[in-house]
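Coordinate inspection notes
Given next are the chains, with one letter for each unit.
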Amino acid sequence: MGQNYKPIPLKLDKNQILNKVYSDLKIEPTSIPAIELTKVGDNLIWNISFSNVFNTEDSQFSLVNLDVVVDADTGDIVESIKDNISTYIDKGILLDYIPHKALLYKREYEEDEGDGGYDSLWIYDIETESKKNLYTSRHRISSAQFNPDNEHISFIETGEGVSDIYIASISDEKAHRITPANNLSPKTMKWVDDNRLYFMNVEDSKTILFEYNVDKDKSINKFYVNMDIESFDIKDDDILLVAYDETRRNRNIYVTKDGKDMISIGIGFQATFLSDGSIAYLRNIEKEDKNVLYVYNGDGDTEYKDSEYSIINYFQLGNDDMILTKKDSCNNEYIITRYDISEKTTKSFAYINTNKVFYDEEKILAYIDIAPPIDKDKHNIIYSVDLSRLNAIDEVD
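The structure presented is a predicted model; accordingly, all values stated were derived computationally and were not measured.

Scoring rules and cut-offs
- Residues numbered from 1 in each chain as written.
- Predicted model: local features only at pLDDT ≥ 70, side-chain atom pairs only at ≥ 80, totals over all residues.
- Heavy atoms only, no water.
- Helix = DSSP H or I, 4+ residues; strand = E, 2+ residues; numbered from the N terminus.
- Buried < 20%, exposed > 50% of the residue type's maximum accessible area, 1.4 Å probe, protein only.
- Contact = heavy atoms within 4.5 Å.
- Areas by Shrake-Rupley, 256 points an atom, 1.4 Å probe, with all protein chains shown as cover.
- Lys, Arg positive; Asp, Glu negative; His and termini not counted.
- Charge placed at Lys NZ, Arg CZ, Asp CG, Glu CD.
- Salt bridge = Lys/Arg side-chain N within 4 Å of Asp/Glu carboxyl O.
- Pairing = 2+ DSSP bridges.
- Axes fitted to C-alpha atoms, helices over the stretch in contact; angles between N-to-C directions.
- Expected span 1.5 Å × (residues − 1).
- Arc of directions from axis to C-beta.
- Polar contact = N/O pair within 3.5 Å; in protein donor to acceptor, adjacent residues only side chain to side chain.
- Phe/Tyr/Trp six-rings, centres within 6.5 Å; stacked < 30°, edge-to-face > 60°.
- Lys NZ or Arg CZ within 6 Å of the ring centre and 35° of its normal.
- Patch = residues over 30% accessible without salt bridge, like charges linked within 9 Å, V, L, I, M, F, W, Y side chains within 5 Å.

**As for the overall build of the protein**
- Counting its secondary structure elements, the protein contains one helix and 33 strands.
- Burial statistics for the protein: of 397 residues in total, 48% are counted as buried.
- Across the protein, the fraction of contacts at a sequence separation of at least 24, relative to all contacts at a separation of at least 6, is 37%.
- For the protein, the exposed area adds up to about 20,600 Å²; of that, 44% sits on carbon and sulfur atoms.
- Between the averaged position of the 44 positive side-chain charges in the protein and that of its 74 negative side-chain charges there is a distance of 2 Å.

If you want it as structure tokens, here you go:
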């Protein structure tokens, strides 16, 4: 090893410099920044770049990018540029999304005394930037969905060990319970079309599928299966079932029309129909602790496996593309990636600090909810994030 160099002592190490930046510039990072020590003339400086961090100077904890130049000898901040990349929408948790039009979300409230709490259901109009309270529950709201023509909302209210399904009209802001009066406690639901809602009741490892007709205000029993169904999806006459198994991360996945003839698709989770009738799902590779994406089209599976990252979430964008959310195991960040289904190619284009994203392709926005770590109430905040102002990722598979 050569000896023609001399170590340069630093009065402050990297962690001390970072802690000073956090304190002086009032930020709360959610991931590791890019940091580089360089020499300018006779001086050593730290160039530090933060992406998507909380601005604690702002009462609404806005998300910002921050570039900082720090004197390595004194720790003085020579230059800083703080760039706001988010718009505050409200406190709450996102439940559903109409692209370019509306967000459906809930606000959570804690009781002053005793256990539990209650939720209220809200709609945010993206075009007018206005909010409307649709329903206030006495209990918790576990899920909610717009129907396809966006005139009704279905939601599941859970409390005291039971659950009920409600339908709410967006125009008159009235909600009514539709759960059949047979001690049922439905856990999952899915709109078939503008007028029909399917929901499932699971009890003693038996699952019953019901169909509710909005116009007739009536529910009928479609079929039952002797298994505990975790989730389901619908495409024309086909029903996709994911069977719950507490012993395995990967579940058995089936397709059926009547609950009797069951076609096994494979093992995995988060299974959904794509627009062309093929089936997408994730599968966990236990020895690698990584999720991969499968697309099944009747002739077999197509696998997409990232060499570095685990796929946490996905949704279809148009007919040919999917948006994948991938986890960086070395950092507390997620990577948003576009996957071309037919070409089997990907392009990653932004880092984000949550795995649940509603994406507006036209405006290049992501709608997210996240709890700022410095918020003592730990309430999630809903933001729109300008992805075009996040650090770009030059990664193509």
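**Some remarks on the pattern of salt bridges**
- Taken as a whole and assessed by the stated rule, the structure comprises 22 salt bridges.
- K106 is the partner of D119 in a salt bridge, and the nearest nitrogen-oxygen pair spans 3.5 Å. Here K106 lies in strand β8 (residues 102-110) and D119 lies in strand β9 (residues 117-125), a separation of 13 residues in the sequence. With respect to class, D119 is no different from K106; both count as buried.
- In this structure, E288 engages K305 in a salt bridge whose closest nitrogen and oxygen atoms are separated by 2.8 Å. Of the two residues, E288 sits in the loop between β23 (279-285) and β24 (290-296) while K305 sits in the loop between β25 (301-304) and β26 (310-317), which places them 17 residues apart along the sequence.
- Put simply, K106, E108, E110, D119 and R140 are held in one network by salt bridges that share partners.

**A few points about the sheet that holds strand β11 (residues 140-146)**
- In space, the four strands of this open sheet follow the order β11-β12-β13-β14, with antiparallel pairing throughout. The open sheet has two edge strands with one neighbour each: β11 and β14 (174-177). Between one strand axis and the next, the sheet turns through 25 degrees on average, direction left out of account.
- Where strand β12 (residues 152-159) meets strand β13 (residues 162-169), eight bridges bridge the pair, whose relative direction is antiparallel. Across the sheet, the residue bridging to I153 is A168, located in β13.

**Notes on helix α1 (residues 14-25)**
- Compared with an ideal rise of 1.5 Å per residue, which puts twelve residues at 16 Å, α1 spans 16 Å between its outermost C-alpha atoms and is within 8% of the ideal.
- Three or more residues of α1 are buried, namely I17, L18, V21 and L25. What you see down the axis of α1 is that its buried residues fit within an arc of 100 degrees, all on one side.
- Taken from the residues just after α1, K26 is the one with a positive phi, measuring 55 degrees.

**Side note on the side chain of N201**
- For N201, the position within the fold is in strand β16 (residues 196-203).
- Accessibility expressed as a relative area gives 3% for N201, which makes it buried.
- A distance of 2.5 Å separates the side chain of N201 from the backbone nitrogen of S185, its partner in a polar contact.
- Filtering out sequence-adjacent residues up to four positions away, N201 remains in contact with L184, S185, P186, K206, T207, I208 and F210.

**Considerations on the packing of aromatic side chains**
- Following the criterion strictly, the structure yields eleven aromatic pairs and no others.
- Relative to F210, the ring of F199 has its centre 5.2 Å away and its plane inclined at 10 degrees; by these criteria the two rings are stacked. Highlighted residues: F199 in strand β16 and F210 in strand β17 (residues 206-213), separated in sequence by eleven residues.
- Each ring, one from F349 and one from Y359, has its centre 5.8 Å from the other, and the planes form 45 degrees; the classification is tilted. Here Y359 lies in strand β30 (residues 358-360) and F349 lies in strand β29 (residues 345-352), a separation of ten residues in the sequence.
- Three or more aromatic residues joined by ring pairs make a cluster, and in this case those are Y97, F358 and Y367.
- The lysine or arginine in question, K206, covers the ring of Y224, its NZ or CZ lying 4.2 Å from the ring centre.

**Some details on the sheet that holds strand β31 (residues 365-370)**
- Read from one edge of the open sheet, four strands run β6-β32-β31-β30, paired in antiparallel fashion. Each edge of the open sheet carries a strand with a single partner, namely β6 (86-91) and β30. Between one strand axis and the next, the sheet turns by 25 degrees as a mean value, whatever way the strands run.
- As paired strands, β31 and strand β32 (residues 381-386) are joined by six bridges and run antiparallel to one another. Directly across from Y367, in β32, lies its bridge partner S384.

**Observations regarding a nonpolar patch on the surface**
- Taken together, I8, L10 and L37 make up a surface patch of nonpolar side chains, about 250 Å² in accessible area.
- On the secondary structure map, L37 appears in strand β2 (residues 34-40).

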